[in-house]
Amino acid sequence: GVHMSELKKQLVQDEYEEFMKENGPFSRDELLVGIAQVVQITLLIVNPWLFSPLVESDHGARLLSDATVAAVPALTLFVMPSVSRPGQSVLTWTAVHEKLDF
């Protein structure tokens, strides 16, 4: 008879093929978005110890907030060139306005 492991392997293979048919291969643009997200999270974690103490006012107030640190990697996506859409950036204002309700 057919073993359970063979059925599981076939199920996983079928799911993978369906996923690839719907989404296509992993692109460079998706990789850049993932890297930007990892950088963003890392910066948010290390900001209180690494960056904020270096950017203070004369009175000791920290001038580099979490919002600033989080925005920088996200904003870089607006200037990185896209491979999937030549002549455009990885993230466009049109895509932002389509996906987010302002």
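Preceding this section is the structure that the text describes.
The present account deals with the structure reproduced in this document. Owing to the predicted nature of the structure, the values given are computational and were not obtained by experimental measurement. (Residues numbered from 1 in each chain as written. Predicted model: local features only at pLDDT ≥ 70, side-chain atom pairs only at ≥ 80, totals over all residues. Heavy atoms only, no water.)

### With respect to the pattern of salt bridges
Put simply, the test is: Just to be clear on terms, a salt bridge is a Lys or Arg side-chain nitrogen sitting within 4 Å of an Asp or Glu carboxyl oxygen. Exposure is judged per residue with a 1.4 Å probe applied to protein chains only, and the accessible area is read against the type maximum: over 50% gives exposed, under 20% gives buried, and values in between give partly exposed.
Tallied over the entire structure, the rule returns one salt bridge. Linking Arg 28 and Asp 29 is a salt bridge whose minimum nitrogen-to-oxygen distance equals 3.6 Å. Under the relative-accessibility criterion, Arg 28 is labelled partly exposed at 38%. Taking relative accessible area as the criterion, Asp 29 reaches 6% and is therefore assigned buried.

### Let's talk about the packing of helix α2 (residues 28-50) against helix α3 (residues 66-76)
As a reminder, the rule being used: Lines fitted to the C-alpha atoms define the axes, with helices restricted to the stretch that makes contact. Angles between their N-to-C directions range from 0 to 180 degrees. Runs of E in the DSSP output that reach at least two residues are strands. Runs of H or I that reach at least four are helices, and both are numbered from the N terminus. An angle below 35 degrees is read as roughly parallel, one above 145 as roughly antiparallel, one from 65 to 115 as roughly perpendicular, and any other as oblique. By definition, turning the near helix anticlockwise from the far helix through less than a right angle yields a left-handed crossing, and turning it clockwise yields a right-handed one. Should any heavy atoms of two residues lie within 4.5 Å, those residues are considered in contact. Lys, Arg, Asp and Glu make up the charged group, whereas Ala, Val, Leu, Ile, Met, Phe, Trp, Tyr, Cys and Pro make up the nonpolar group; the residues left over, Gly among them, are polar.
Where α2 meets α3, the axes come as close as 8 Å, and the angle between the chain directions of the two elements is 160°. Here α2 is positioned roughly antiparallel relative to α3, judged by the angle of their axes. Pair α2 / α3 crosses with right-handed handedness. The segment α2 lies against α3, with Ala 36, Val 39, Gln 40, Leu 43, Leu 44 and Asn 47 engaging Asp 66, Val 69, Ala 70, Pro 73 and Ala 74. Residues that form the contact of α2 with α3 fall into these classes: eight nonpolar, two polar and one charged.

### Some words on the environment of Ile 35
Relative to the assigned elements, Ile 35 resides in helix α2. Ile 35 sits 21 residues away from Glu 56 along the chain, and the two C-alpha atoms are 28 Å apart.

### A few points about the layout of surface pockets
The following threshold applies: Think of a 1 Å grid over just the protein atoms. A cavity is a set of points where a 1.4 Å probe fits yet cannot get out, a pocket is an open set with protein on both sides within 12 Å along at least five of seven lines, and lining residues have an atom within 4 Å of a point. Grid points are joined across faces, edges and corners, and a volume is the space filled by probe spheres set on the points.
The volume enclosed by the largest pocket comes to roughly 250 Å³. Of all the elements in the fold, those that place two or more residues in the lining of the largest pocket are α2 and α4 (93-99). Sorting elements by how many residues they give to the lining of the largest pocket places α2 first, with three residues. Here the lining of the largest pocket is composed, by residue class, of five nonpolar, two polar and four charged.

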